Structures are given as structure tokens and as C-alpha cells.
Amino acid sequence: MPKRPAALLASPDDTEAQFYDALQHGDIDKLMAVWAEDEDIVCVHPGGPRLVGAGAIRAAFEALFAAGPVRVEAQRVRRVETLSSAVHSVVELVRLQTADGLREAHVLATNVYIKTPHGWRMVCHHASPGTSRDIEDVTDLPAMLH
């Protein structure tokens, strides 16, 4: 595996910005540099299996980038942060060029970060397909169990 580029990821927001920038540019080394060096890091793409470990995650993104960069924009980020961990709930706007023209889709993603000696790193990216109805925040529902 190529060596990680040196990057100071001073906050969860810095790490998230680098992740989405790497997607926009199809830069696998920059993308992998945001991940923690832990064998249990996890990534789930919409409709895909749970990818565990840097090797599986890298292979999946290399396959994704084979078709070119991913035009994705993080929107409506909700943050829960502590001194050593952060969870961001993100609505991703994905733009795809198809034979029928430009298409847009929304993806609901959860990004989890931890603070390491080398700065903030991603330990989980879990993305699910969303519909226009799903991207609206629901905040005032009566309490109920699953």
C-alpha cells in the first residue's frame, strides 16, 4: 500500500472536508489518509456489504474511482462531538452523469471520527440511499420503540 501523505487533520471537520475533497478528485491516497490505522475501521456504501479494514475499504473506493471521481457534496451536517470522538450525520448530494443527462440523488451518511496522536481520523462511514422525503429532518415525533 502507498504511504499516507502527511496531513494535519486538526478537527473532525478538517477530516470530513478531506474525505469529500478526495471523493471529488478521485484521489485514493488522500481518501485513505483520513482513515484511522485500525483493523476494525468500517465502511458501508449504499446497498453494499460491510467493508472491514483498510484493504477492503481501499479496494472498494478504487473500484468506485475506476469510473472517475465521485461528485458528492456534504450538506446539512449534524454534529455530536466530545474531546476524543465525533459523529456527523450528513445528507450527501450525489450528482451522476448518465446517458439521460445529469441525475441527482441523496444519500444519508454517518461519519464517525476519533482523535488519535496523528489528528482526527475516520473509523466509520455508513451511507444509505435516501429519498426526497428521507432528507427532511424529523424532530418532534412522540416517543416510540422500534
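Rules of the game
- Residues numbered from 1 in each chain as written.
- Predicted model: local features only at pLDDT ≥ 70, side-chain atom pairs only at ≥ 80, totals over all residues.
- Heavy atoms only, no water.
- Pairing = 2+ DSSP bridges.
- Helix = DSSP H or I, 4+ residues; strand = E, 2+ residues; numbered from the N terminus.
- Axes fitted to C-alpha atoms, helices over the stretch in contact; angles between N-to-C directions.
- Contact = heavy atoms within 4.5 Å.
- Expected span 1.5 Å × (residues − 1).
- Buried < 20%, exposed > 50% of the residue type's maximum accessible area, 1.4 Å probe, protein only.

Draft legend 1. Structural context of the pairing of strand E4 (residues 85–98). In this structure, strand E3 (residues 71–81) lies alongside E4, joined through 9 bridges in antiparallel fashion. Residue pairing for E4: Glu73 is matched across the bridge by Leu93. Counting the residues in the hairpin turn of E3 and E4 gives 3 residues. When E4 meets strand E5 (residues 101–116), the two strands line up antiparallel, connected through 14 bridges.

Draft legend 2. Spatial organisation of the sheet that holds E5. One open sheet accounts for 6 strands, arranged E2-E1-E6-E5-E4-E3; its pairing is mixed. Two strands in the sheet have a free side with no partner beyond their single neighbour: strand E2 (50–52) and E3. Taken pair by pair, the neighbouring strands of this sheet meet at an average axis angle of 25 degrees, ignoring direction. Helix H1 (residues 12–25) rests against E3, E4, E5 and strand E6 (119–130) of the sheet, and its axis sits at about 165 degrees to E3.

Draft legend 3. View of H1. Counted at 1.5 Å a residue, the expected span for H1 with its 14 residues is 20 Å, and the 20 Å between its end C-alpha atoms agrees. Of the residues making up H1, those classed as buried are Pro12, Thr15, Glu16, Gln18, Phe19, Tyr20, Ala22 and Leu23. Among the structural elements, helix H2 (28–32), helix H3 (54–65), E3, E4, E5 and E6 are those in contact with the buried residues of H1. Two residues or fewer past H1, Gly26 is found with a positive phi of approximately 60 degrees.

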